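# Overview (structure and organization)
Chain by chain, the residues:
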Amino acid sequence: MGSEGPSPVTVHVTGFKRFYGVAENPTEKIVRNLQSFVEKRGMPKGLVLGSCTILEAAGQGALGPLYELLESSVVNRECGSPNQGQVILLHFGVNSGSHRFALENQAVNEATFRCPDELGWKPQRVPIMSSDGSILQSRQTTLPVKEISKSLQQMGYDVAPSDDAGRFVCNYVYYHSLRFAEKHGIRSLFVHFPLFLAIDEEVQMQFVASLLEVLASLNLQ
C-alpha cells in the first residue's frame, strides 16, 4: 500500500423489481440511478462502485443473477492485485410498512412467503439451504451494523439496526449472500427502505450516498 494509501472498498449493490402489493419498488429506481448520482455528487474516497444489479422479486428466480454477481465479485477480486481491498455485497429491499431505514444484522434459514413471489412460489417453513440444518439457523453480517447505524443517525437519517429481515424474498437473498460472503472472506449487508411516500426519493438517494461514505470510512481488515 505504501504511499498509495489504503486499498479501495469495492461495493456491489442490488435492488429488487416491483412485486405483489408494491407497484413501485423504490430500490429498483435507487439502484438504477445510483451510479450517475454518486458520480455527480463525488464518489467517496476509497470506494469503488463495482456493479448495480436489479433482481427479480422472487426467491429461486433471483438466484441465477445473484450468483452471477457473487461469483464475479470474487473472480474480479482474485484477478486483481493482492492489496485490492475489501468487497461488500450491499442489498436493498423495501419494507412498505416502515417509515425508516433498517440495517439488517442477520438472515434466517427459513422461507415462509406471505404471498407468492413474482414467479408464483409460496414456500412455507422451508429451509433456504437444507444443508445448513433447521429453519432456526441464522447467519450474521460481519459488518458493524450498530456503528454504521450510529454514524448515519448522526448525519440526520432515521435509521436503526434490525434483527428481523422477514421471511420473504429479502431474507432469502440475504441468507444466500451471507453464506457466500462467509465462504469467500467478503462482507454482506441488507438494508430495508421505506416507500417514497414515507421518505422521498431525493432523501433516499442521499441516504445511500451517505451509507457508501460510511462504508468507505470503516477500517475493514
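Residues numbered from 1 in each chain as written. Predicted model: local features only at pLDDT ≥ 70, side-chain atom pairs only at ≥ 80, totals over all residues. Heavy atoms only, no water.

- An unreviewed UniProt entry annotates the protein chain as Pyrrolidone-carboxylate peptidase originating from Urochloa decumbens.

## Digging into the overall build of the protein chain
- In terms of helices and strands, the protein chain carries five helices and eight strands.
- Each helix and strand of the protein chain, ordered N terminal to C terminal, gives the series β-α-β-α-β-β-β-β-α-β-α-β-α.
- In terms of C-alpha radius of gyration, the protein chain reaches 17 Å, essentially the compact-globule figure of 17 Å for 221 residues.
- Along the first, second and third principal axes, the C-alpha atoms of the protein chain reach 55 × 40 × 25 Å.
- Per-residue burial for the protein chain yields a buried fraction of 51% across its 221 residues.
- Contacts spanning at least 24 positions in sequence make up 79% of the contacts within the protein chain whose residues lie at least 6 apart.
- Carbon and sulfur atoms make up 49% of the accessible area of the protein chain, which amounts to about 10,300 Å² in all. (Helix = DSSP H or I, 4+ residues; strand = E, 2+ residues; numbered from the N terminus. Rg over C-alpha atoms; globule rule 2.2 N^0.38 Å. Buried < 20%, exposed > 50% of the residue type's maximum accessible area, 1.4 Å probe, protein only. Contact = heavy atoms within 4.5 Å. Areas by Shrake-Rupley, 256 points an atom, 1.4 Å probe, with all protein chains shown as cover.)

## Quick notes on the packing of helix H3 (residues 145-154) against helix H5 (residues 201-217)
- Where H3 meets H5, the closest approach of the two axes is 10 Å, and the angle between their N-to-C directions is 130°. Considering their axes alone, H3 and H5 lie oblique with respect to each other. When the axes of H3 and H5 are compared, the crossing they make is right-handed. Contact residues: H3 offers Ile148, Ser151 and Leu152, while H5 offers Phe207, Ser210, Leu211, Val214 and Leu215. (Axes fitted to C-alpha atoms, helices over the stretch in contact; angles between N-to-C directions. Parallel < 35°, antiparallel > 145°, perpendicular 65-115°, else oblique. Left-handed = near helix turned anticlockwise from the far one by under 90°.)

## Notes on the layout of surface pockets
- In this structure, the second largest pocket spans a volume of roughly 280 Å³.
- Considering the residues around the second largest pocket, the lining is formed by 22 residues, among which Val94, Asn95, Arg114, Cys170 and His192 are closest to the centre.
- At the level of secondary structure, the elements contributing two or more residues to the lining of the second largest pocket comprise strand E3 (87-94), strand E4 (101-104) and helix H4 (169-184).
- Broken down by class, the residue content of the lining of the second largest pocket amounts to nine nonpolar, nine polar and four charged. (1 Å grid on protein atoms, 1.4 Å probe; cavity = no way out; pocket = protein on both sides within 12 Å on 5 of 7 lines; lining within 4 Å. Points joined across faces, edges and corners; volume = space filled by probe spheres on them. Nonpolar A, V, L, I, M, F, W, Y, C, P; charged D, E, K, R; others polar.)

## As for the pattern of salt bridges
- All told, the structure shown has 10 salt bridges when counted by the stated rule.
- Members of the salt-bridge network, linked through shared partners, are Asp132, Arg139, Arg179 and Glu182. (Salt bridge = Lys/Arg side-chain N within 4 Å of Asp/Glu carboxyl O.)

## Description of the packing of helix H1 (residues 26-41) against H5
- At a closest axis distance of 10 Å, the pairing of H1 and H5 adopts a crossing angle of 65°. Crossing geometry of H1 relative to H5 is assigned as right-handed. Touching Pro26, Lys29, Ile30, Asn33, Leu34, Phe37, Val38 and Arg41 of H1 are Glu201, Glu202, Gln204, Met205, Gln206, Val208, Ala209, Ser210, Leu212 and Glu213, all from H5.
- For the contact of H1 with H5, the per-class residue count stands at nine nonpolar, four polar and five charged.

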